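Examining the three-dimensional arrangement
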2 protein chains.
Amino acid sequence: MDMSAARERLVVIGGDAAGMSAASQARRLKGPDELEIVAFERGHFTSYSACGIPYWVGGDVSAPEELIARTPEEHRARDIDLRMRTEVTEIDVAGGRVRARDVDSGAESWTSYDKLVIATGARPIRPDMPGADAPGVHGVQTLDDGQALLDSLARTRGRRAVVVGAGYIGVEMAEALINRGYEVTAVNRGSEPMSTLDPDMGRLVHEAMEGLGITMVNNTQVTKVLTGEDGRVRAVATQDAEYPADVVVLGIGVRPETTLAVAAGLPLGAHHGLLTDLAMRVRGHENIWAGGDCVEVLDLVSGQERHIALGTHANKHGQVIGTNIGGGYATFPGVVGTAVSKVCDLEIARTGLREKDARRAGLQFEAVTIESTSRAGYYPNASLMTVKMLAERRTGRLLGVQIVGREGAGKRVDIAAVALTACMTVEQMTTLDLGYAPPFSPVWDPVLVAARKASRAVQQRP
Amino acid sequence: MDMSAARERLVVIGGDAAGMSAASQARRLKGPDELEIVAFERGHFTSYSACGIPYWVGGDVSAPEELIARTPEEHRARDIDLRMRTEVTEIDVAGGRVRARDVDSGAESWTSYDKLVIATGARPIRPDMPGADAPGVHGVQTLDDGQALLDSLARTRGRRAVVVGAGYIGVEMAEALINRGYEVTAVNRGSEPMSTLDPDMGRLVHEAMEGLGITMVNNTQVTKVLTGEDGRVRAVATQDAEYPADVVVLGIGVRPETTLAVAAGLPLGAHHGLLTDLAMRVRGHENIWAGGDCVEVLDLVSGQERHIALGTHANKHGQVIGTNIGGGYATFPGVVGTAVSKVCDLEIARTGLREKDARRAGLQFEAVTIESTSRAGYYPNASLMTVKMLAERRTGRLLGVQIVGREGAGKRVDIAAVALTACMTVEQMTTLDLGYAPPFSPVWDPVLVAARKASRAVQQRP
């Protein structure tokens, strides 16, 4: 009997979280006799934590190797034919094959697939302005970017850093540079930092950043990078002003890397990400899956598609894809939009909809804000936190929560993340049986205090 | 028109969390013209945090006043006729009145009520053994108890303490005494400390306590308190051994204080607590409510009644009772059994059912245990935590979670508490959108890692 006839080939494009999680999970379920797995990665690294780069730059993590969950050798030891520094340049959907190019030699060849996983990730948004490519201007998307930034910092005697953007990457890089002893200016297009929060909550982040010595410039856009005689960055210019800079970090977000998918005619959504079904199959394509930063995900609260580049989703997508390819069954039902971050000791968290998201989705709502403490007020190191909560009018359904505070604030958002997933009302939330003891919470957890206030607001305006 | 005819009188028995929350909330909704409120408290304090006593004894909280949320004067300023040091000695249900005795003068009088709230709390279980009342043997139920213990510690030169019991109070008091520089021995009837956990998880607490220098003696029972010539405790004796003690703290739990209710013929459950409906009305009694440590609550996971003495429940009960008495509508649907505690830097949390609870409820289940870290493994101060998860066979419904670890372990149980309330399956939990960033969580939160393992276990044995 010829077993090789039954052997299928899985091709994976992209060797980071989504791609290699899918490959690993498929391998767990199907041995090499049943499934051949070929994975292409154009860079030097596999399965690394891009989210960890700010902490490496800031000195909390000592070496890039610590950010690597699994090396190419470890993947190969599990019978995954991993081809590093090999970039896929075309997907031939009709022919069921991909063309790949060896980055170093330039040699190209075709590889056929029975099943394909697209995990091409995201690419940083680079501002289209003069000087954006000057030495001393850095993105922080890949480990190579992180190393280049660290080398640049080592070469520069000046201590002035400008961070462009004040979202997650921006505030984390501001922290990293503060930790390295830099004078940091953050230049931000929005009215407040952390545009993933409502501006009233972003204001708290703004104040805390200034308290940390970070100069926060809002409502402005960098128009130009100015360079010195050596060609290296010396300042950034906005419409109104110039900010001297020995180093510039770009943290203005990412967009799905879907060049290959577009060329192959695969379906994209409004945010330029691939569209999949709940099993993470590319819509309309029985044998192509996609996951990670290159796809759009369903927002379970608004019912609309979103693009969220986040390692935890990429890992879950990979797990779901690998299970399905391995002959099991799994789905990724969607997200509620949870994110947590910190800048020094300030913790910032959000889940669900902001006011503008709720309005855009056509929802009417009440928004309330409360202040409470992380522990019983009398317990040492109880710190203030602010919780904002949105609830739908009439139904009272929880729509979103934002939290800004110190230790113990950030992960409290998980309570709301689960409640959103379960479509709970704020009234139901008021009696949630949350962990209470003086070192952990006031007798009414801050999330419960917010739920009580939101519940009253909904009742008062039925 | 005679308005006074319409004025009702609410009588509250017990001036701590449940009683005074009920009184305050009723007052918020109904002014003194509509509702007269009389509250009786036999002790010296109102609205205080008994849960905070170990931290006061341990020195984390400097004065008992810090544990008082609201003083008698503050309650009176809100038109609550609060009668301190006045003990209710009888409830005359048929006559709609209570008899109260001034503790100091012994004078007794009857007060009629239109509505009654019973919030008599719990009383500590005192072991029935010789010497249990000797000087140097202390409970820690009330602020007076805490002061007596502190006075006793100040009087004693010896540094050997024995804690009887190793549940929440026991481990918290062990921590308090370690913090005060005592040599602590904990004597425990069960096979491991923290019998609210399964023994395999209690074992982790045991090891950590020993690591802190606490001598842990399990599977044994104190039979006698031995006293010296001065009449003061000098040791405790078990069946097998004697443990020298300059001070003994009893932390062997509490039971509902329902003496009055029993005498009045009100309905009690199997755990000797009052039985109420979901609006916290005593069953069969339209105008009597009860809440806090003297009632039984519905366990939403097992469908059975339980007795849980916990300030957070008492506050919620009071809120519900006060809302209903004030003319609003609120219910307390029940608990899932969440509790969190710590001993020094070890955090201990549980929610839902233990293995023996699940068996007792007639449920078949899978139990899994995983180890993970509080933060991304590469992030500074990532610490190990152990998560045990129980899921029902066939349905995959989450039944319970236990967590033992360091910083960041305890409040993670809230994720499971909300999931239990929402009757989620462990499979559903595997895709929960929990907050992820390296300082807060690994890319798979420990609770998700446990959910994945539990989900596989359920699938493998359908």
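Note that this is a predicted model, so its numbers are computed, not measured.

**Thoughts on the overall build of chain A**
- The helix and strand tally for chain A stands at twelve helices and 25 strands.
- For a compact globule of 462 residues, the expected C-alpha radius of gyration is about 23 Å, and chain A comes in at 24 Å, within 12% of that figure.
- Along the three orthogonal principal directions, the C-alpha set of chain A runs to about 75 × 60 × 40 Å.
- For chain A, the proportion of its 462 residues judged to be buried stands at 60%.

**Structural notes on the pairing of strand β22 (residues 346-352) of chain B**
Residue and element names in this part refer to chain B.
- With seven of its seven residues buried, β22 lies for the most part within the structure.
- Summarising the sheet, strand β21 (residues 339-343) and β22 pair through five bridges and their orientation is antiparallel. Bridge pairing links V343 to L346 in β22.
- Between β21 and the antiparallel strand that follows it, β22, lie two residues; C344 among them carries a positive phi value of about 50 degrees.
- Sheet analysis places β22 next to strand β25 (residues 398-405), joined by six bridges and oriented antiparallel.

**Some points on the UniProt feature "domain: Pyridine nucleotide-disulphide oxidoreductase dimerisation" (unreviewed entry) in chain A**
- As recorded in UniProt, the sites labelled "domain: Pyridine nucleotide-disulphide oxidoreductase dimerisation" (unreviewed entry) are residues 341-443 of chain A.
- End-to-end, the C-alpha atoms of residues 341-443 of chain A are 26 Å apart, and along that stretch the chain is 18% helix and 35% strand.

**Some points on the sheet that holds strand β6 (residues 108-112) of chain B**
All names here are of chain B.
- Across the sheet, three strands lie side by side as β4-β5-β6; this open sheet has antiparallel pairing. The open sheet has two free edges, formed respectively by β4 (86-92) and β6, since each of these has just one partner strand. For this sheet, the mean inter-axis angle between neighbouring strands, taken without regard to orientation, is 30 degrees.
- Two strands pair when backbone bridges link them, and strand β5 (residues 97-102) and β6 are joined in this way by five bridges, in the antiparallel orientation. Within β6, the residue paired with R101 across the bridge is E108.

**Observations concerning the environment of A63 of chain A**
- Inspection of the secondary structure assignment puts A63 of chain A in the loop between α2 (53-57) and α3 (72-77).
- With a relative accessible area of 22%, A63 of chain A lands in the partly exposed category.

**Describing the packing of aromatic side chains**
- Applying the stated criterion across every chain yields a total of four aromatic pairs over all chains.
- Taking 5.1 Å as the distance between ring centres and 85 degrees as the angle between the ring planes, the aromatic pair formed by Y55 of chain A and Y379 of chain B counts as edge-to-face. In this pair, Y55 of chain A sits in helix α2 while Y379 of chain B sits in the loop between β23 (365-373) and β24 (384-392), so the two residues belong to two different chains. Taken individually, Y55 of chain A and Y379 of chain B each receive the classification buried, so the pair is uniform in this respect.
- One Lys or Arg, R159 of chain B, reaches over the ring of Y182 of chain B and ends 4.2 Å from the middle of that ring.
- Directly above the ring of W444 of chain B sits R452 of chain B, whose terminal nitrogen or CZ lies 4.1 Å from the centroid.

**Here's the deal with the interface of chain B and chain A**
- Taken together, the contact between chain B and chain A spans 59 residues of the former and 59 residues of the latter.
- Of the roughly 4900 Å² buried between chain B and chain A on both sides combined, carbon and sulfur atoms contribute 65%.
- Counting the contacts that link chain B with chain A gives two salt bridges.
- Note that K411 of chain B is salt-bridged to D445 of chain A, the shortest N-O span being 2.7 Å.
- Taken together, chain B and chain A are joined by 22 residue pairs in polar contact (both at pLDDT 80 or more).
- Listed by contribution, the elements that provide at least two residues to the side of chain B that touches chain A are α8 (311-325), β21, α10 (413-421) and α12 (446-460) of chain B.
- For the side of chain B that touches chain A, a count of residues per class yields 29 nonpolar, 18 polar and twelve charged.

**Some thoughts on the sheet that holds strand β13 (residues 222-227) of chain A**
All names here are of chain A.
- Strand order in the open sheet formed by three strands is β13-β14-β15, and the pairing between neighbours is antiparallel. At either end of the open sheet lies a strand with only one pairing partner, and these are β13 and β15 (242-244). Between one strand axis and the next, the sheet turns by 25 degrees as a mean value, whatever way the strands run.
- Direction of pairing for strand β14 (residues 233-238) relative to β15: antiparallel, over a ladder of three bridges. Pairing of V236 across the sheet is with Y243, part of β15.

Cut-off values and rules
- All residue numbers refer to position in the chain's written sequence, counted from 1.
- Both sets of labels track the order of writing: A upward for chains, 1 upward for ligands.
- Predicted model: local features are reported for residues with pLDDT of at least 70 only, side-chain atom pairs are reported and counted for 80 or more only, and whole-chain, interface and lining totals are derived from all residues.
- Remark: hydrogens and water are excluded; side-chain values derive from all non-hydrogen atoms of the structure.
- The secondary structure listing takes helices from DSSP runs of H or I that are at least 4 residues long and strands from runs of E that are at least 2 residues long, numbered from the N terminus.
- Values of the radius of gyration come from C-alpha atoms, whereas the globule rule sets the reference at 2.2 Å times the count of residues to the power 0.38.
- Only protein chains enter the calculation, and the probe is 1.4 Å; a residue is then buried if its accessible area is under 20% of its type maximum, exposed if over 50%, and partly exposed in between.
- Two strands form a pair only when DSSP identifies at least two bridges running between them.
- UniProt positions are given in the numbering used here, feature names are shortened, and annotations may be inferred rather than shown by experiment.
- Axes here mean lines fitted to C-alpha atoms, for a helix over just the part in contact, with angles spanning 0 to 180 degrees between N-to-C directions.
- Geometry of aromatic contacts follows a simple scheme: Phe, Tyr and Trp rings, the Trp one being its six-membered ring, pair when their centres are within 6.5 Å, and the pair is stacked under 30 degrees between planes, edge-to-face over 60, tilted otherwise.
- Two conditions define a charge located above a ring, namely a distance within 6 Å from the ring centre to NZ of Lys or CZ of Arg, and an angle within 35 degrees of the ring normal.
- Whether two residues are in contact is decided by their heavy atoms, any of which lying within 4.5 Å being enough.
- Accessible surface is computed with a 1.4 Å probe, and the buried area is the amount of it that two parts give up when combined, taken over both parts together.
- Here, a salt bridge means any Lys or Arg side-chain nitrogen found within 4 Å of an Asp or Glu carboxyl oxygen.
- Polar contact criterion, stated in full: a pair of N or O atoms within 3.5 Å, where within protein one must be able to donate a hydrogen and the other to accept it, and residues adjacent in sequence count only if both atoms are side-chain atoms.
- Put simply, Ala, Val, Leu, Ile, Met, Phe, Trp, Tyr, Cys and Pro go in the nonpolar bin, Asp, Glu, Lys and Arg in the charged bin, and everything else, Gly too, in the polar bin.

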